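# Fold and contact review
Spelled out, the chains give:
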Amino acid sequence: IVALNDSLAIALLMTIDEKIGFIKKAGSELATALKKAATGRIDVVVSAATLGIPVGQAVASALKHERQVVLQKTAKIHLQSTPYAEPLTSITTGTPQKLLLDLRHIDRVRGKRVVFVDDVISSGGSCAAALRLIRAAGGNVVGVGAILVEGSGWKVRIGEADAQLVRSLGTIPLYRPPEVAGGAWEADWEC
């Protein structure tokens, strides 16, 4: 459990530190849940850098896709000069960021049935930004997947309709400081 500030802490899932077998199994189970929920084909898997990348690879592989589309958070040398961009705020990053979709990947998204996958949905900020970006590029979002969701506050941030698209392998709480001194953080399932 890692404190973000004096009033909130989270449990971390660092997908880049997990065993490959864990990510493969989680990706396979998430792909099964997304296929069932999408009620039709899934044309493309989109994930967000950095911790969503291994999840996206595992889901894409389980769906027999050759690749995923990755939304970057910083301008890279390989991105086209004017990528699609969407501002975001994330619970784990204190500064405003942007999600970027390389113009070279627009045709992989436009007019396609898309699932967005990430490691964890906590506040919903990254997920909401990704969904706006996919739709701005002309993608039809048919599912959202995460290994874990934290609490339930994310549902408000992404909206009721998109919350219905979310499939996860589990739910964990966020943590608040105790009302009485004692030093232990208390689980908060509603935040």
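Reference entry: report on the structure contained in this document. Values in this document were obtained by computation on a predicted structure and should not be read as measured data.

## So, the side chain of S47
You can see S47 is positioned in strand β3 (residues 44-48). With a relative accessible area of 0%, S47 lands in the buried category. Among the polar contacts listed, one links the side chain of S47 to the side chain of Q68, at a separation of 2.5 Å. Apart from the residues lying within four places of it in its own chain, the contact partners of S47 are G52, I53, G56, Q68, V69, V70, L71, F116 and V117.

## A few points about the environment of A129
Position of A129 among the secondary structure elements: in helix α4 (residues 125-136). Along the chain, A129 and I158 lie 29 residues apart, while their C-alpha atoms are 8.7 Å from each other. Those residues in contact with A129 that sit more than four places away from it in its chain are E86, P87, L88 and L99.

## Some words on the pattern of salt bridges
A complete count under the given rule lists seven salt bridges for this structure. A salt bridge links R135 to D162; the shortest N-O distance between them is 2.7 Å. In this pair, R135 sits in helix α4 while D162 sits in helix α6 (residues 160-163), placing the two residues 27 residues apart along the sequence. With a relative accessible area of 37%, R135 lands in the partly exposed category.

Calculation notes
Residues numbered from 1 in each chain as written. Predicted model: local features only at pLDDT ≥ 70, side-chain atom pairs only at ≥ 80, totals over all residues. Heavy atoms only, no water. Helix = DSSP H or I, 4+ residues; strand = E, 2+ residues; numbered from the N terminus. Buried < 20%, exposed > 50% of the residue type's maximum accessible area, 1.4 Å probe, protein only. Polar contact = N/O pair within 3.5 Å; in protein donor to acceptor, adjacent residues only side chain to side chain. Contact = heavy atoms within 4.5 Å. Salt bridge = Lys/Arg side-chain N within 4 Å of Asp/Glu carboxyl O.

Worth remembering: the numbers are spatial, not functional.
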